[in-house]
There are 2 protein chains.
Amino acid sequence: MDGELEVIRRIAARVAPRGGVSVGIGDDAAVLDDGTVLALDMVVDGVHVRRSTHSPADIGHTALAVNISDVAAMGAIPVAAMVGLGLPPDIGAGDVDAMYAAMEELARAHAMSIVGGDVSASPVLSLSVAIIGRAPEGIRPVLRSGARAGDVLVVTGPLGASAAGLLCLDHPDAGGDARGALISAHLRPQPQAAHGRHLAEAGARAMIDVSDGLLLDADRLARASGLAAIIDLEAVPRAPGVDAVAGAIGTDAALLACTGGEDYQLLAALPPGAGREPHLHVVGHLEPGAAGVRAMRAGRDITPGRLGWEHRGGASPPAEPPP
Amino acid sequence: MDGELEVIRRIAARVAPRGGVSVGIGDDAAVLDDGTVLALDMVVDGVHVRRSTHSPADIGHTALAVNISDVAAMGAIPVAAMVGLGLPPDIGAGDVDAMYAAMEELARAHAMSIVGGDVSASPVLSLSVAIIGRAPEGIRPVLRSGARAGDVLVVTGPLGASAAGLLCLDHPDAGGDARGALISAHLRPQPQAAHGRHLAEAGARAMIDVSDGLLLDADRLARASGLAAIIDLEAVPRAPGVDAVAGAIGTDAALLACTGGEDYQLLAALPPGAGREPHLHVVGHLEPGAAGVRAMRAGRDITPGRLGWEHRGGASPPAEPPP
């Protein structure tokens, strides 16, 4: 079977949005005419998480977090989630309790509710979480496709912590003082719902969450908007410890931060004159040209061949710069 | 690990509904304050379906059908669905196409849309479908818990076809002329969305879909309403061919129809004076007393020990009457 994106393309070609649906397959979330946003993301052991390194609480947290992030990327507010839980025989009642305690803690922090779902026997632990959110009063959900030439690209926080944390799990001496924080960033990603709402209210014209790597997600936003996204690699804020981990394994720190994935910060296109909160970091801009991302360093295009992560059965190594 | 219902009880004890949620875990669907209903049901190969007997199209159809049925059981109208698809290595692109073509055909028939989802590698084929529906204008979603003593219990159509169809798959000579229709009822269940809406508009005070067997689902409705549900076994309409299949394998036809599960008709409690459409069949009533179901035949309580099906890795044999 082909890669995940090819499967999604085949599926999108088979289904048609009908009455009441503004946006179907293809954005971070679907949008109904009344501003309701809907998303469903899966977390499967051995694909997105590993029970060898992720506790049941980490897995529960992550499964809800990635869905809240999809709602955040629309500038919307999460309301309710449902969980389809595939339980293998070696999962105990205490593990289920721990998963749901972590999900409930995250739900409470976002003033949202877990309202139902289903449970089934399964050979592998899997969580399919569906989420519903609502756009704030007077605000339309922010799509990937609304950017205009001249817009500034901003991210809501430093990148690379999750990828560096994953590398720390495989390299017991890496990370130094930041090791604990990096691993925590990998095991317990924090969705940026408040930032997403503020960006929507500040006039963001396009937005996406950085789930698969800044370059890959910028590429998606750029293609959806029909523009070139120019990313200045050295302007991308890197989380503390990312440089140390990159140095320890001999890879390029900026590329690790920009292709590593799973940071769940938000990438948004803001009009050039829009007010910008101090936590926002300008990482590039949009301009006319071949639709897609270009990663620049000191004026040179060093866009790597692999822009980010596509989950197909496990972790990929970090991208390397071209020679 | 304990049974599915015990897992759901543990989960329900860990999560709390917050603002905007009228009904959380415990009904056919959750309900938001604005009348939005939400459900998520899983279909897993080897648990709910079998790839040896179900085609990819059957599996896709079933996964969406059971979710539409949950919305129907609230008296609501399905609007949009999302699919979390776990794909094992031996599923081909044509299988995915067939699954989504069947889902899309059913979605079109209900004027609803498939709006997104996720795809992941998985050791087993699994579909977690989340659905959103809306109550018709001026109608509140119908819960399991609203029945009152004296209400009449009705079902929207004959029962037992799916269970008899499953038996036909295992008994090549069973079913006679009805064999094809019975197998089709098992492989392609038809959710009763229009009937659900009409029942809500006709004043149904409680409703549930008959997914796990009439007796088990009547038991759930009765317990949620704090009443005794008295089912007259011989008043329960049986689908054509059910008696022949029951005869061929030497089981009680009425009990097969009332405990077999997966018919996806609706069971509703109507006020005694409510108008009843001709397709509705009265199967019993609600009265004060120990909460739960009682199955009566000729004035004798013959409630079986096992009321219906709980999916835990495969099919169960049909219930036998007590000696």
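Residues numbered from 1 in each chain as written. Chains lettered and ligands numbered in written order. Predicted model: local features only at pLDDT ≥ 70, side-chain atom pairs only at ≥ 80, totals over all residues. Heavy atoms only, no water.

Trainee: Sorry if this is basic, but what is going on with the overall build of chain A here?
Mentor: Regarding its fold elements, chain A presents nine helices and 13 strands. In terms of C-alpha radius of gyration, chain A reaches 19 Å, essentially the compact-globule figure of 20 Å for 323 residues. Dimensions of chain A along its principal axes, counting C-alpha atoms only, are 55 × 55 × 40 Å. In chain A, which comprises 323 residues, the proportion classed as buried is 61%. A fraction of 80% describes how many contacts in chain A between residues 6 or more apart in sequence connect residues 24 or more apart. Element-wise, carbon and sulfur atoms account for 51% of the exposed surface of chain A, whose accessible area totals about 11,100 Å². (Helix = DSSP H or I, 4+ residues; strand = E, 2+ residues; numbered from the N terminus. Rg over C-alpha atoms; globule rule 2.2 N^0.38 Å. Buried < 20%, exposed > 50% of the residue type's maximum accessible area, 1.4 Å probe, protein only. Contact = heavy atoms within 4.5 Å. Areas by Shrake-Rupley, 256 points an atom, 1.4 Å probe, with all protein chains shown as cover.)

Trainee: Just to check I follow, could you spell out the interface of chain B and chain A for this structure?
Mentor: Note: interface size is frequently given as the accessible area lost on complex formation between the parts. The interface of chain B with chain A comprises 65 residues on the first partner and 64 residues on the second. At the boundary of chain B with chain A, the tally comes to eight salt bridges. A salt bridge links Asp-97 of chain B to Arg-14 of chain A, with the shortest nitrogen-to-oxygen separation between them at 3.7 Å. Counting across the interface, chain B meets chain A through 17 residue pairs in polar contact (both at pLDDT 80 or more). Within the residue set of the side of chain B that touches chain A, elements represented by two or more residues are α1 (4–14), β2 (30–32), β3 (36–44), β4 (77–87), α3 (93–109), β5 (113–121) and β6 (126–134) of chain B. Top contributing element to the side of chain B that touches chain A by residue count: β5 of chain B, with nine residues. Grouping the constituent residues of the side of chain B that touches chain A by class yields 40 nonpolar, twelve polar and 13 charged. (Salt bridge = Lys/Arg side-chain N within 4 Å of Asp/Glu carboxyl O. Polar contact = N/O pair within 3.5 Å; in protein donor to acceptor, adjacent residues only side chain to side chain. Nonpolar A, V, L, I, M, F, W, Y, C, P; charged D, E, K, R; others polar.)

Trainee: Sorry if this is basic, but what is going on with the relation of the copies chain B and chain A here?
Mentor: Put simply, the second copy of the chain is the first one after a rotation about an axis and a shift along it. The transformation that overlays chain B on chain A combines an axial shift of 0.0 Å with a rotation of 180°, and the residual RMSD is 0.0 Å. With respect to symmetry, the two chain copies, as superposed, fit the operation of a two-fold axis. Most of the interface of chain B is mirrored in chain A: 98% of its interface residues are interface residues there too. (Least-squares fit on C-alpha atoms with pLDDT ≥ 70 in both.)

Trainee: How do you make sense of the sheet that holds strand β13 (residues 300–301) of chain B when you look at a structure like this?
Mentor: Paired through their backbone hydrogen bonds, the strands of a sheet run either parallel or antiparallel. Residue and element names in this part refer to chain B. Strand order in the open sheet made by the seven strands is β8-β10-β7-β11-β9-β12-β13, with mixed pairing throughout. Both edges of this open sheet fall to β8 (206–209) and β13, since each of them pairs with a single strand only. Bridge count for strand β7 (residues 152–155) against strand β11 (residues 281–287) is four bridges, and the pairing is antiparallel. If you follow Val-154 over to β11, its bridge partner there is Val-282. (Pairing = 2+ DSSP bridges.)

Trainee: Just to check I follow, could you spell out the sheet that holds β2 of chain B for this structure?
Mentor: All names here are of chain B. Spatially, the six strands line up as an open sheet ordered β1-β2-β3-β6-β4-β5, and their pairing is mixed. Every interior strand has two partners, whereas the edge strands, β1 (21–23) and β5, have only one. The average undirected angle you get between the axes of adjacent strands in this sheet is 20°. Where β4 lies against β6, nine bridges are found, and the strand directions are antiparallel. Directly across from Ala-81, in β6, lies its bridge partner Ile-131. Each of β3, β4 and β6 is contacted by helix α2 (residues 56–72), which is oriented at about 150° to β3, the strand it contacts most. With respect to the sheet, α3 is in contact with β4, β5 and β6, its orientation differing from that of β4 by roughly 170°. (Axes fitted to C-alpha atoms, helices over the stretch in contact; angles between N-to-C directions.)

Trainee: I keep staring at the pattern of salt bridges and nothing clicks. Help me out?
Mentor: One side chain can pair with another of opposite charge once the charged atoms of both are near each other. In this structure the tally under the stated criterion is 42 salt bridges over all chains. Where Asp-97 of chain A meets Arg-10 of chain B, a salt bridge forms, and the shortest distance between an N and an O atom there is 2.4 Å. Remark: Arg-10 of chain B occurs in helix α1 and Asp-97 of chain A occurs in helix α3 (residues 93–109); the pair is interchain, linking two chains. With its nearest N and O atoms 2.6 Å apart, the salt bridge here joins Asp-58 of chain B to Arg-188 of chain B. With a gap of 130 residues between them, Asp-58 of chain B in helix α2 and Arg-188 of chain B in the loop between α5 (179–187) and α6 (193–201) connect regions that are remote in the sequence. Here the salt bridges do not stand alone but share partners, grouping Glu-234, Arg-238, Asp-243, Asp-252 and Arg-297 of chain A into one network.

Trainee: I tried to follow the environment of Arg-134 of chain B on my own but got confused; where do I start?
Mentor: Among the structural elements, Arg-134 of chain B can be located in strand β6. Given the relative accessible area of 24%, Arg-134 of chain B is considered partly exposed. On a C-alpha basis, the gap between Arg-134 of chain B and Val-71 of chain B in space is 8.3 Å, while along the polypeptide they are 63 residues apart. In this view, Arg-134 of chain B contacts Leu-32, Asp-34 and Thr-36 of chain A together with Gly-35, Thr-36, Val-37, Ala-76, Ile-77 and Val-79 of chain B; residues no more than four positions away in its chain are not counted. At a separation of 3.0 Å, a polar atom in the side chain of Arg-134 of chain B contacts the side chain of Asp-34 of chain A. Engagement of the side chain of Arg-134 of chain B in a polar contact is seen with the side chain of Thr-36 of chain B, the distance being 3.5 Å.

Trainee: Mind showing me how you'd approach the side chain of Thr-156 of chain B here?
Mentor: Residues and elements named next belong to chain B. Within the secondary structure layout, Thr-156 lies in the loop between β7 and α4 (161–170). For Thr-156, a relative accessible area of 5% translates into the label buried. There is a polar contact of 2.6 Å between the side chain of Thr-156 and the side chain of Gln-265. Of the polar contacts made by the side chain of Thr-156, one reaches the backbone nitrogen of Leu-266; its length is 2.9 Å. Filtering out sequence-adjacent residues up to four positions away, Thr-156 remains in contact with Gln-192, His-195, Leu-199, Gln-265, Leu-266, His-279, Leu-280 and His-281.

Trainee: When you look at the pairing of strand β12 (residues 292–297) of chain A in this model, what are you seeing that I'm missing?
Mentor: Within a regular strand, the side chains alternate between the two sheet faces. Residues and elements named next belong to chain A. Judged from the five bridges that link them, strand β9 (residues 228–232) and β12 form a sheet pairing that is parallel. From the neighbouring strand, Asp-232 faces β12, where its bridge partner is Met-296. The sheet contact formed by β12 and strand β13 (residues 300–301) spans two bridges and is antiparallel. What sits directly across from Arg-297, in β13, is Arg-300. Linking two consecutive strands that pair antiparallel, namely β12 and β13, is a turn of two residues; a positive phi of about 50° is found at Ala-298 within it.

Trainee: Would you mind showing me how to read the pairing of β3 of chain B here?
Mentor: Residue and element names in this part refer to chain B. Burial analysis of β3 places nine of its nine residues in the buried class, the great majority of the element. Here β3 shows two buried faces, one formed by Thr-36, Leu-38, Leu-40, Met-42 and Val-44 and the other by Val-37, Ala-39, Asp-41 and Val-43. Pairing analysis gives two bridges linking β2 to β3, with the strands arranged antiparallel. Counted as the bridge partner of Val-31 is Val-37 from β3. The loop that links β2 with its antiparallel partner β3 comprises three residues; one of these, Gly-35, has a positive phi angle of about 90°.

Trainee: Even after reading the chapter, I still don't get helix α6 (residues 193–201) of chain A, so can you show me in this structure?
Mentor: The α-helix winds at 3.6 residues per turn, so residues separated by three or four positions along the chain end up facing the same way. Turning to α6 of chain A, its buried residues number three or more, namely Ala-193, His-195, Gly-196, Leu-199 and Ala-200 of chain A. Projected down its long axis, α6 of chain A carries its buried residues within an arc of 160°, all on one side. (Arc of directions from axis to C-beta.)

Trainee: Any chance you could explain the environment of Ala-202 of chain B here in plain terms?
Mentor: Residue and element names in this part refer to chain B. Within the fold, Ala-202 resides in the loop between α6 and β8. C-alpha separation for the pair Ala-202 and Gly-275, spaced 73 residues apart in sequence, amounts to 7.0 Å. Contact partners of Ala-202, with chain neighbours within four places excluded, come to Leu-270, Ala-274 and Gly-275.

Trainee: In this structure, what is going on with the state of the cysteines? I would like to understand it.
Mentor: Two cysteines form a disulfide when their sulfur atoms are joined by a covalent bond. All names here are of chain A. Counted under the stated rule, the structure contains zero disulfides over all chains. As a non-bridged cysteine, Cys-258 has Cys-168 as the owner of its nearest cysteine sulfur, 18 Å distant. Cys-258 gets classed as buried once you look at its relative accessible area, which sits at 0%. (Disulfide = S-S within 2.5 Å.)

Nothing here speaks to function; it is all geometry.
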